[in-house]
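Letter by letter, the chains look like this.
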Amino acid sequence: MASSTNKTPRIGFVSLGCPKATTDSERIVTRLASEGYEITGTCDDADLVVVNTCGFIDAAIEQSLDAIGDALAENGKVIVTGCLGARADVVLAAHPRVLEVTGPHADGEALAAVHRHCPKPHDPFVDLVPPQGVRLTPPHYAYLKISEGCNHDCTFCIIPSLRGPLESRPIHEVMREAETLVEAGVREILVISQDTSAYGLDIGYRTGFWNGRPLKTRLLELAKALGELGVWIRLHYLYPYPSVDAIVELMAEGRILPYLDAPLQHASPRILRAMRRPADAEDALARIRRWREICPDITIRSTFITGFPGETEEDFQHLLRFLEEARLDRVGAFAYSPVDGAAANALPDAVPEEVRADRRERLLDLQEDISTQCLEARIGREMTVLVDEIDAEEGAIARSPGDAPEIDGIVLIADDEGLEVGDFVRVRIVDCDVHDLYAERVDSDKEEVPI
Ligand code: SF4
C-alpha cells in the first residue's frame, strides 16, 4: 500500500466517462482542494484513490472495473463513485477490497467517504483554490453543466435510472459560473447536459436575475447571455426540436459557435419507435435543412447506433439513405451493446454481434466520404481558430468553430511563431485529410474577437 511522505493528504483521482462525468469529477476535486487535500492523477504516491466511473455501456463498465483493479493494485485504498457506483453489487463482486461505493450525482457522499478514510488536514488551504475551481480540462476551455438527469426513457439507456429526472440549474448560477471561468482565462465554454434543449422545462422556465437583468431559465436566453461573454460558446446534446431553430439564428448572427451536436441514434421510424426516441427522422431531416438555410456555415455532428434489436437490413439501408441526404459533417457510430437494466434487452430479434459490428463499419465507410467532402468544401476559406497545443514538430494544433475538443478534428498550422495555447488566430484553410484541416496564417496578429 502506498503512503505519502508529504504531510498534506494526497488524493489520487481517476476520472472516466463522458464530459458530464468530468464536471462531476471537477466539483469533487474542487471541494477536496478547497479543504486542503492535494490532488494527483497518479495512484502509487497517493494516500487514497477516488475512481469516478462510467456505467453507460458494457465496454465502459469493463473499463471502469479495470481502472478500479489498477488503483487497488497500485495503492490499495480505493473509493468508487459515479455512474457505476449506482450498482455497488457489480463493483463489490469484482473488487471486494474497495472501501466504499457511492452513486452518481452524490458529491457529498463521495466527500464524506474520503473524510472517513483519509481525514481532512487541520489547516485548510482555502486561499490556494482558484475561484473557478479545479478543472480537469486545459486552462483555455471548460465544460459547463447546465442540468442533471433526463426525462426521456430511451430503451437502450439507463441514465435516467442512474441520474434521475431532469434537474436544471438556475440560470443565474450557471451564468455566474460562466463569468468566473471567463475571468480565469477560459476562451471556450462547452455547454453540456443529458438533454440541453430541455433546459429549464422542469422548473417552468423560472426567471432568475443576472447582473440585475431578468432571464428565463431556458436555453435561448442562456445562449444569448453566454454569447455576451466574448468567448466561444459551443452547445452539445440538443434534440432536433423546432425550438432549436431560434438557437441556430444566434449562430448565424455570430453570437455562439455555428456548431450543433444532436445525437439522432437512428433514422428508421420503426427503430426510432423501438428506441423510444423523442424525435422522428422525417422531422430531423426537415430540421437539418432548416438549420442550414438559417446558418449555411453550421457544422452538425451526430451519433448513431447500429444493430439495435429488431433492426433489419432494410432499416439499416434507411439509415444509410438518411446519412446520404443529411450530409452531416461529423458522425460517431456505436454497434449496439446491451446494458444491464435497459428496457431494450427485452426486445425480440436481437441482431448478431458480428452483424452489428459490420453495419457500423459500413456506416462509417459511407460517412467517411461525406465528412471528407464537407472538409474539402472548407478549403480556401478563412476562419478564426483556437490554439490547443504547440507541437515541436507539427506546429500549432488548433480547432475551428466546427471542431469540439476530443471528439472532432484539428487544424494544423505549420507557422506557430508567436502563438501560445489559448490564442485565437485567423487562418486560411489550404488542405484537408479525412479528419483534419491544414491552414496557413492570414495575418500574424492574434484575434481578440473570437468568431
Ligand atoms: S435522451 Fe435518451 S439516451 Fe439521452 S440520456 Fe435521456 S434516456 Fe438516455
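All figures in this text were calculated on a predicted structure; none of them were measured in a lab. The residue numbering used here restarts from 1 in each chain and proceeds along that chain's sequence as written. Per-residue local features of the predicted model are confined to residues with pLDDT of at least 70, and side-chain atom pairs are confined, for both listing and counting, to 80 or more; whole-chain, interface and lining totals are unaffected and use all residues. Only hydrogens and water are removed before side-chain values are computed, so all heavy atoms of the structure are retained for them.

Caption draft 1: Representation of unusual backbone geometry within the structure. Positive phi outside glycine occurs at Tyr205, with the angle close to 50 degrees. Three exposure classes are used, based on accessible area relative to the maximum for each residue type with a 1.4 Å probe and protein chains only: buried under 20%, partly exposed in between, and exposed over 50%. The exposure class of Tyr205 is partly exposed, given its relative accessible area of 27%. One non-glycine residue with positive phi stands out, namely Arg276, at about 55 degrees. We count a stretch as a helix when DSSP gives it H or I for four or more residues in a row; a strand needs E for two or more, and each element gets its number in order from the N terminus. Tracing the backbone shows Arg276 in the loop between helix H9 (269-275) and helix H10 (281-294). A relative accessible area of 42% places Arg276 in the partly exposed class.

Caption draft 2: Structural detail: the packing of helix H1 (residues 19-34) against helix H4 (residues 107-117). Interaxial angles span 0 to 180 degrees and are taken between N-to-C directions of axes, which are lines fitted to C-alpha atoms, for helices over the stretch in contact. The interhelical angle for the contact between H1 and H4, taken along N-to-C directions, is 45 degrees, at an axis separation of 10 Å. Taken together, the axes of H1 and H4 lie oblique to each other. The handedness of the crossing between H1 and H4 comes out as right-handed. For the pair formed by H1 and H4, the contact residues are Arg27, Ile28, Arg31 and Leu32 on the first element and Asp107, Ala110, Leu111 and Val114 on the second. If an angle is under 35 degrees, it is roughly parallel; if it is over 145, roughly antiparallel; if it lies from 65 to 115, roughly perpendicular; otherwise it is oblique. Note: crossing handedness is left-handed where the near helix turns anticlockwise from the far helix by less than a right angle, and right-handed where it turns clockwise. Throughout, a residue-residue contact means that at least one pair of heavy atoms, one from each residue, lies within 4.5 Å.

Caption draft 3: Region of the structure containing a negative patch on the surface. Negative charge collects at one region of the surface, where Asp44, Asp58, Glu62, Asp66, Asp70 and Glu74 lie side by side. Residue placement: Glu62 occurs in helix H2 (residues 58-74). Judged by relative accessible area, Glu62 falls into the partly exposed class, the value being 48%. Nonpolar side chains (Val, Leu, Ile, Met, Phe, Trp, Tyr) within 5 Å and like charges within 9 Å form the patches, drawn only from residues with over 30% relative accessible area and no salt bridge. Only the protein chains shown count as covering a residue, and every accessible area follows the Shrake-Rupley method with a 1.4 Å probe. The working definition used for a salt bridge is a side-chain nitrogen of Lys or Arg within 4 Å of a carboxyl oxygen of Asp or Glu. For the purpose of counting charges, residues Lys and Arg are taken to be positive, whereas Asp and Glu are taken to be negative. His and the chain ends are not included. Think of each charge as sitting on NZ of Lys, CZ of Arg, CG of Asp or CD of Glu.

Caption draft 4: Local environment of the site of the ligand. The immediate surroundings of the ligand are formed by Cys150, His152, Cys154, Phe156, Cys157, Ile159, Pro160, Gln194, Tyr239 and Arg277. Of the residues that constitute the shell around the ligand, the class distribution is seven nonpolar, two polar and one charged. The rule for a residue being near a molecule or strand is that one of its heavy atoms must lie within 4 Å of it. For this classification, the nonpolar set comprises Ala, Val, Leu, Ile, Met, Phe, Trp, Tyr, Cys and Pro, the charged set comprises Asp, Glu, Lys and Arg, and every other residue, Gly included, is treated as polar.

Caption draft 5: Quick look at the environment of Arg169. Relative to the assigned elements, Arg169 resides in the loop between strand S8 (167-168) and helix H6 (171-183). On the basis of relative accessible area, Arg169 is assigned to the partly exposed category, the value being 21%. Not counting the four nearest positions on each side in its chain, Arg169 is found in contact with Leu144, Lys145, Ile146, Ser147, Val174, Glu177, Tyr199 and Thr217. Only 3.3 Å separates the side chain of Arg169 from the side chain of Glu173, close enough to count as a polar contact. Pairs of N or O atoms are called polar contacts if they sit within 3.5 Å, as long as, within protein, a hydrogen donor faces a hydrogen acceptor (for residues adjacent in sequence, only side-chain-to-side-chain pairs). There is a polar contact of 2.8 Å between the side chain of Arg169 and the side chain of Glu177.

Caption draft 6: The arrangement of the pattern of salt bridges in detail. The full count for this structure, using the stated rule, is 37 salt bridges. Here Glu382 and Arg426 are joined by a salt bridge, their closest N and O atoms 3.9 Å apart. Of the two residues, Glu382 is situated in strand S16 (residues 382-391) and Arg426 in strand S19 (residues 424-432); the sequence distance between them amounts to 44 residues. Look at Glu382 and you get partly exposed, because its relative accessible area is 38%. The partner of Glu382 in a salt bridge is Arg428, and the shortest N-O contact between them spans 3.5 Å. Of this pair, Glu382 sits in strand S16 while Arg428 sits in strand S19, placing them 46 residues apart in sequence. Counted as one network, the salt bridges with shared partners bring together Asp24, Arg27, Lys145, Glu148 and Arg163.

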